[in-house]
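What follows is the residue order along each chain.
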Amino acid sequence: MSSKKIHYYRRLWQVYRAYKQKKTELPYLPVRLWVEATSICNLRCVMCPNKDLKKEDKGFMDVSLFQRIIDEASRFVFDVNLIHRGEGLLHPEFPRLVEYAREAGITTKFHTNATLLDGRKSHDLITAGLDQISFSFDGYDKPTYESIRVSADFDKTLSNIVKLLQIKKQRKSKKPYAILELINFPDIYKDSDRRQRKEFLEHFQGLPLDRIELKEMHNWAGEINGPKKGKKYSPCTFLWQALIIFWDGAVLPCTQDFFGYYILGNVKDASLAEIWNNDKIVRLRKKILNRDITDLETCSGCDRLWREQFLGVPREYLWKFLLKRMP
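These notes cover the structure that comes with them. The model shown is predicted, which means the values in this text are computed figures rather than measured ones.

The next subject is the overall build of the chain. Summing up its helical and strand segments, the chain has 11 helices and 11 strands in all. Looking at the chain as shown, the accessible area adds up to about 15700 Å², and 49% of this sits on carbon and sulfur atoms.

A few words on the state of the cysteines. Inspection of the entire model under this criterion finds 0 disulfides. Cysteine C48 remains unbridged, with the sulfur of C45 as its closest cysteine sulfur at 6.2 Å.

Right, let's get into the pattern of salt bridges. For the structure shown, the criterion picks out 19 salt bridges. Between E93 and R96 there is a salt bridge; the shortest N-O distance is 3.8 Å. With a relative accessible area of 32%, E93 lands in the partly exposed category. The residue D131 makes a salt bridge to R102 at a minimum N-O spacing of 3.2 Å. Remark: R102 occurs in helix α3 (residues 94-103) and D131 occurs in the loop between α4 (119-128) and β4 (132-136); sequence separation between them is 29 residues.

Side-chain alternation along strand β7 (residues 242-245) places A242 and I244 on one buried face and L243 and I245 on a second face that is also buried. In this sheet, strand β8 (residues 250-252) lies alongside β7 in antiparallel orientation, the contact comprising 2 bridges. Bridge pairing in β8 places I244 opposite L252. What sits between β7 and β8 in their antiparallel hairpin is a turn of 4 residues, with G249 showing a positive phi close to 100 degrees.

Let us now look at the environment of I126. Within the element layout of this structure, I126 appears in helix α4. According to the relative accessible area criterion, I126 is buried, its value standing at 9%. As a C-alpha pair, I126 and K175 span 49 residues in sequence and 6.8 Å in three-dimensional space. Excluding anything up to four places from it in sequence, I126 contacts L164, I167, K168, R171, S173, K175 and P176.

What follows deals with the packing of aromatic side chains. Summed over the entire model, instances satisfying the criterion amount to 16 aromatic pairs. Ring geometry for Y19 against W240: centres 5.4 Å apart, planes inclined by 85 degrees, an arrangement best described as edge-to-face. Here Y19, found in helix α1 (residues 3-20), pairs with W240, found in the loop between β6 (211-216) and β7; they are 221 residues apart in sequence, far enough to count as distant. Residue W240 is classed as buried on the basis of its relative accessible area of 0%. Following the ring pairs from residue to residue traces out a cluster consisting of F137, Y140, Y145, F154, F200 and F204. Note that R85 overlies the ring of F246, its terminal NZ or CZ placed 3.5 Å from the centroid. Over the face of the ring belonging to W276 we find R285, whose NZ or CZ atom lies 4.7 Å from the ring centre.

Those residues of α3 lying buried are F94, L97, V98 and A101. Projected down its long axis, α3 carries its buried residues within an arc of 100 degrees, all on one side. For α3, the secondary structure elements touched by its buried residues are α2 (63-73), β2 (79-81), β3 (107-112) and α4. Looking one or two residues past α3, G105 carries a phi angle of roughly 90 degrees, positive in sign.

Moving on, we get to the pairing of β3. Counted residue by residue, β3 has 5 buried out of 6 residues, so it is predominantly covered. Pairing geometry for β2 and β3, over 3 bridges, is parallel. In the strand pairing of β3, V80 is matched with T108. Each parallel crossover has a hand, and for β2 linked through α3 to β3 it is right-handed.

Following K175, the chain continues to P176 via a peptide bond in cis, the omega torsion being 0 degrees. Note that P176 resides in the loop between α6 (154-170) and β5 (177-184). For S151, which is not a glycine, the phi torsion comes out positive at approximately 90 degrees. By secondary structure assignment, the location of S151 is in the loop between α5 (142-148) and α6. We note that R291 has phi near 60 degrees; this positive angle belongs to a residue other than glycine. Looking at where R291 falls in the secondary structure, it is placed in the loop between α10 (279-289) and β10 (309-310).

Two packed helices can be described by the angle between their axes and the distance between those axes. Following both chains from N to C, one finds α4 and α6 inclined at 45 degrees, their axes separated by 9 Å at the closest point. Taken together, α4 and α6 sit at an angle that is classed as oblique. Crossing handedness for the pair α4 and α6: right-handed. Facing α4, whose interface residues are G119, S122, H123 and I126, α6 presents K163, L164, I167 and K168.

Definitions and cut-offs
Residues numbered from 1 in each chain as written. Predicted model: local features only at pLDDT ≥ 70, side-chain atom pairs only at ≥ 80, totals over all residues. Heavy atoms only, no water. Helix = DSSP H or I, 4+ residues; strand = E, 2+ residues; numbered from the N terminus. Areas by Shrake-Rupley, 256 points an atom, 1.4 Å probe, with all protein chains shown as cover. Disulfide = S-S within 2.5 Å. Salt bridge = Lys/Arg side-chain N within 4 Å of Asp/Glu carboxyl O. Buried < 20%, exposed > 50% of the residue type's maximum accessible area, 1.4 Å probe, protein only. Pairing = 2+ DSSP bridges. Contact = heavy atoms within 4.5 Å. Phe/Tyr/Trp six-rings, centres within 6.5 Å; stacked < 30°, edge-to-face > 60°. Lys NZ or Arg CZ within 6 Å of the ring centre and 35° of its normal. Arc of directions from axis to C-beta. Right-handed = clockwise from strand over helix to strand, strands pointing away. Axes fitted to C-alpha atoms, helices over the stretch in contact; angles between N-to-C directions. Parallel < 35°, antiparallel > 145°, perpendicular 65-115°, else oblique. Left-handed = near helix turned anticlockwise from the far one by under 90°.

Below is the structure:
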């Protein structure tokens, strides 16, 4: 095992121990970040609350602010997800952001609806050194896809994804690691026959698509209808391992806080290290541990506090950390 992986798993053990010991002031800094290049999206997907964002909540992150975040985070963060509420490819300097984070030694991950992913952008992302790209694509046929991904075109988007994979193959590049993600809409996929799935997947034959993943739907902390809550409560792991940063510098504890109900601080006024253990987040960790969440706008409605567990950790997070997070 490489020294990098050894360091990674030592940090994970540190996170796991603090989580299990119910520590609220942590002796380490976050291992992961979500940095929102933009909160603006070009689609109006049925399962996403982005369409309800107010005008004042929409914008693009300044490159200088992004660089400031990365300069600090490079000392302790393993990976950065360059996405949150919006479509990152709308940011005019997006490949530049990817390149800056990669040059700082941080693994870069990006989630896109792929509607804007033309050949030029695909070349730029590969050149910038993007480590991982995941495509949101729901449905195996045009009517299903376009009923979910409102304002998107099935054929054009599918062509965009295939084009990036072709360019990746032509350039003999191992990166970005490419994932096709489909949200598990039970009523849709139970009606999809094997022939439909097979015909759809034939588009990717011979291309470097690394993984296909069927993701479980969640309820965006009660903002939309989603899966029912489970029976056993499990404190949110985000508070022990990650921070989320909006385009305007606001820092939040969890990706499910879509509308910014619980802002911990702002990177324009304080460092990530200062925010990581400030009074707001320590108080929040205590409340989460004590299941004192009725007055928390986001947590009280969130289904992710009731997911299946293994070794006292939500199963979906544990396996991703152990098996899929290292590049």
